[in-house]
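The lines below spell out each chain.
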Amino acid sequence: MTGSSVSSRKVLSKIATNRLQKELTEWQINPPSGFTHRVTDNLQRWVIEVNGAQGTIYANEKYQLQVDFPENYPMEAPQVIFLHPAPLHPHIYSNGHICLDILYDSWSPAMTVGSICISILSMLSSSPAKERPEDNDRYVKNCRNGRSPKETRWWFHDDKV
C-alpha cells in the first residue's frame with residue numbers, strides 16, 4: 001500500500017480540520033456552480049459530483065471527483081482523482097488521475113476545494129476533443145497496486161486544454 005491509501009492515512013491536524021470545516025460551511029452556503037458535494041461523516045474524504053458545463057463537449061455529463069485531504073492540509077495539496085468512469089480528456093487518465101499543475105507543483109495553501117473544482121471544470125471545458133492522454137496505457141499499467149498520482153513526476157507541457 002502507498003502512503004496515501006485509506007488504511008494508512010493519518011488523522012487531520014487541528015489546522016486542517018478547522019480549515020475543512022470552514023470550507024464545507026462556505027460550500028453549503030455558496031457551492032461552486034456545476035458541483036455538488038455528497039455529504040458524508042468523513043471530513044478527510046469528499047466526493048463531489050461534477051456537471052459538464054453547457055456549451056462544451058461535456059455538457060449534460062456527470063462525473064465524480066474524490067478528494068482526499070492529507071493531515072497537514074492546506075500546506076499540502078489534497079489528492080484529487082476522478083472516480084470510474086473518468087471523463088475522456090487529454091489530461092485525465094483512465095484510472096482517474098488528473099494531470100493538472102495546481103494539484104502538484106503549483107499548489108498554494110490559499111487554494112480551496114472550490115478553486116480546485118473550478119480549475120478542473122475549466123480544464124474540461126477547454127478541451128476540443130474527448131481523448132485519453134497518449135501515454136494512458138503505459139501510465140495506468142505503472143500505477144497498478146494503488147500508486148497515488150502524487151507519487152508521479154508530472155510533466156506540465158500542454159496548457160491548451
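Below or above, wherever it landed, is the structure these notes cover. (Residues numbered from 1 in each chain as written. Predicted model: local features only at pLDDT ≥ 70, side-chain atom pairs only at ≥ 80, totals over all residues. Heavy atoms only, no water.)

Attention now moves to the packing of aromatic side chains. This model, assessed by the stated rule, comprises 7 aromatic pairs. Between Y58 and Y63 the ring centres are 6.5 Å apart and the planes differ by 75 degrees, which places this aromatic pair in the edge-to-face class. Taken individually, Y58 and Y63 each receive the classification buried, so the pair is uniform in this respect. An aromatic cluster of at least three residues, connected via ring pairs, comprises W27, W46, F69, Y73 and W107. (Phe/Tyr/Trp six-rings, centres within 6.5 Å; stacked < 30°, edge-to-face > 60°. Buried < 20%, exposed > 50% of the residue type's maximum accessible area, 1.4 Å probe, protein only.)

Take helix α2 (residues 113-125) next. Helix length check: α2 (13 residues) gives 18 Å between terminal C-alpha atoms against 18 Å at 1.5 Å per residue, within 8%. Within the sequence span of α2, burial applies to V113, G114, I116, C117, I120, L121, M123 and L124. Next to the buried residues of α2 lie α1 (14-29), β1 (35-38), β2 (45-51), β3 (62-68) and β4 (79-82). (Helix = DSSP H or I, 4+ residues; strand = E, 2+ residues; numbered from the N terminus. Expected span 1.5 Å × (residues − 1). Contact = heavy atoms within 4.5 Å.)

Let's shift gears to the environment of P32. Note on placement: P32 falls in the loop between α1 and β1. Considered as a pair, P32 and I118 are 86 residues apart in the sequence and their alpha carbons are 7.3 Å apart. If we skip the residues at most four places from it in the chain, P32 touches W27, G114 and I118.

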